[in-house]
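Examining the three-dimensional arrangement
Each chain, letter by letter, is given below.
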Amino acid sequence: MAFYSFLLSSPIYIYIIIASLIATLIVGCVIIGVYCFCCRRRSPDLELDDENLPLIQAKKRVLGQLTYTIGYTYSTARIDILISHAKILSSKATGKTPDTYIISSIGHSGQTDQSSTITKNLKPKYNHYFEFYCPMENLNNNSINFVVYIHKKIHRDIPLGHCNVPLDEERLQGKFTVELTPYVPRDNSYKGEICIMLRYHPVRRNLAVGIVECKNLPQMDFDGTTNAYAKIKVKLKKEVIFQAKTRVKKKTRSPYFNETFKFTVSPLNLTRITIFITVKESESIRRGVFIGSIKLGSLESDNELLEKHFNDMVASPRSPQTMWHSLLPKYKD
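Residues numbered from 1 in each chain as written. Predicted model: local features only at pLDDT ≥ 70, side-chain atom pairs only at ≥ 80, totals over all residues. Heavy atoms only, no water.

**Overview of the packing of aromatic side chains**
Counting across every chain of the model gives 6 aromatic pairs. Ring centres of tyrosine 68 and phenylalanine 146 lie 5.0 Å apart, and the angle between their planes is 45°; this geometry places the pair in the tilted category. Highlighted residues: tyrosine 68 in strand E2 (residues 64-73) and phenylalanine 146 in strand E7 (residues 143-150), separated in sequence by 78 residues. Feature note: the residues Tyr68, Phe146 and Phe176 constitute an aromatic cluster, connected by ring pairs. Sitting over the ring of tryptophan 324, lysine 215 keeps its end group 4.5 Å from the ring centre. Here the basic side chain of lysine 245 rests over the ring of tyrosine 229, its NZ or CZ set 5.5 Å away from the ring centre. (Phe/Tyr/Trp six-rings, centres within 6.5 Å; stacked < 30°, edge-to-face > 60°. Helix = DSSP H or I, 4+ residues; strand = E, 2+ residues; numbered from the N terminus. Lys NZ or Arg CZ within 6 Å of the ring centre and 35° of its normal.)

Dropping the structure here:
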């Protein structure tokens, strides 16, 4: 007993106990980590119900899958699509079993259709029939776009996943299963065009900037359209002297705004201002997604055409100067 009492009172024994506890903790953590890794490797990411159906592979993260049947009538250029059912991978992303529906569209033709909403089901059976028209000569340049949306009773509906299937001969007839993946906007250098009107009244010291319309904006929403608006900001050197925005034009890639904004600028400061005009998407996954912009000014325009437009306005007071401009990458203001 005296020996054990001596060991317990010894500082070396305390160090040994602490070291043993640390070693046991490390070994336990390693065992738990190996066990979790093995369990994860054994659990399948997705079970396929229709193993014999052709599967269009996607390299992106898979959120689920969609099964549909398609047929094409050459005499009437009609595309018949029957959405059979979908299979959502899990409800982790939604927090609960979602209420879902499908919106389908053909390329940028503006033809869209929506299925009914299936409530609280990870394997919804839609059995919805879509009918579209596409001439045979345009088939190779088009694709079918399927988007599964989560219906929200209070908030705006959000997309759960989508897939884009090219319209080639191999996919015009038959039954297919496609994977649902997250939506990633395409990065194209061409962002569309915008028509701008400039007019200066020297007596009233009034500068009018008209945002007339845009055309050929990129697809920003899942139904092949865009909900666009334009913002204007005017700077005198580094000071913002005016800013405003247009109304949102929904579900069109060629919005017609026809809105004019007026503000006061002295003739002395007319050649010192810079006008920034930005076009944005209003109702995509993130609000206020940038599409394109232009910058006008006597010395700080983005290109020669924009500089000429501004200088023509200065040289021709009271006369409206209207020009089309290509939307450019984001400016640094």
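**Examining the sheet that holds strand E5 (residues 112-114)**
Taken in spatial order, the 4 strands line up as E5-E4-E7-E8 in an open sheet, and their pairing is antiparallel. Looking at which strands have only one partner, the edges of the open sheet turn out to be E5 and strand E8 (158-166). Ignoring which end each strand starts from, the neighbouring axes of this sheet average 15° apart. Pairing geometry for strand E4 (residues 100-106) and E5, over 3 bridges, is antiparallel. (Pairing = 2+ DSSP bridges. Axes fitted to C-alpha atoms, helices over the stretch in contact; angles between N-to-C directions.)

**Some remarks on unusual backbone geometry**
Positioned with a positive phi, alanine 77 is a non-glycine residue whose angle comes to about 60°. In this fold, alanine 77 is placed in the loop between E2 and strand E3 (78-88). Take alanine 77: its relative accessible area is 16%, and that puts it in the buried class. Not every positive phi belongs to a glycine, and asparagine 258 is a case in point at roughly 55°. Position of asparagine 258 among the secondary structure elements: in strand E14 (residues 256-264). (Buried < 20%, exposed > 50% of the residue type's maximum accessible area, 1.4 Å probe, protein only.)

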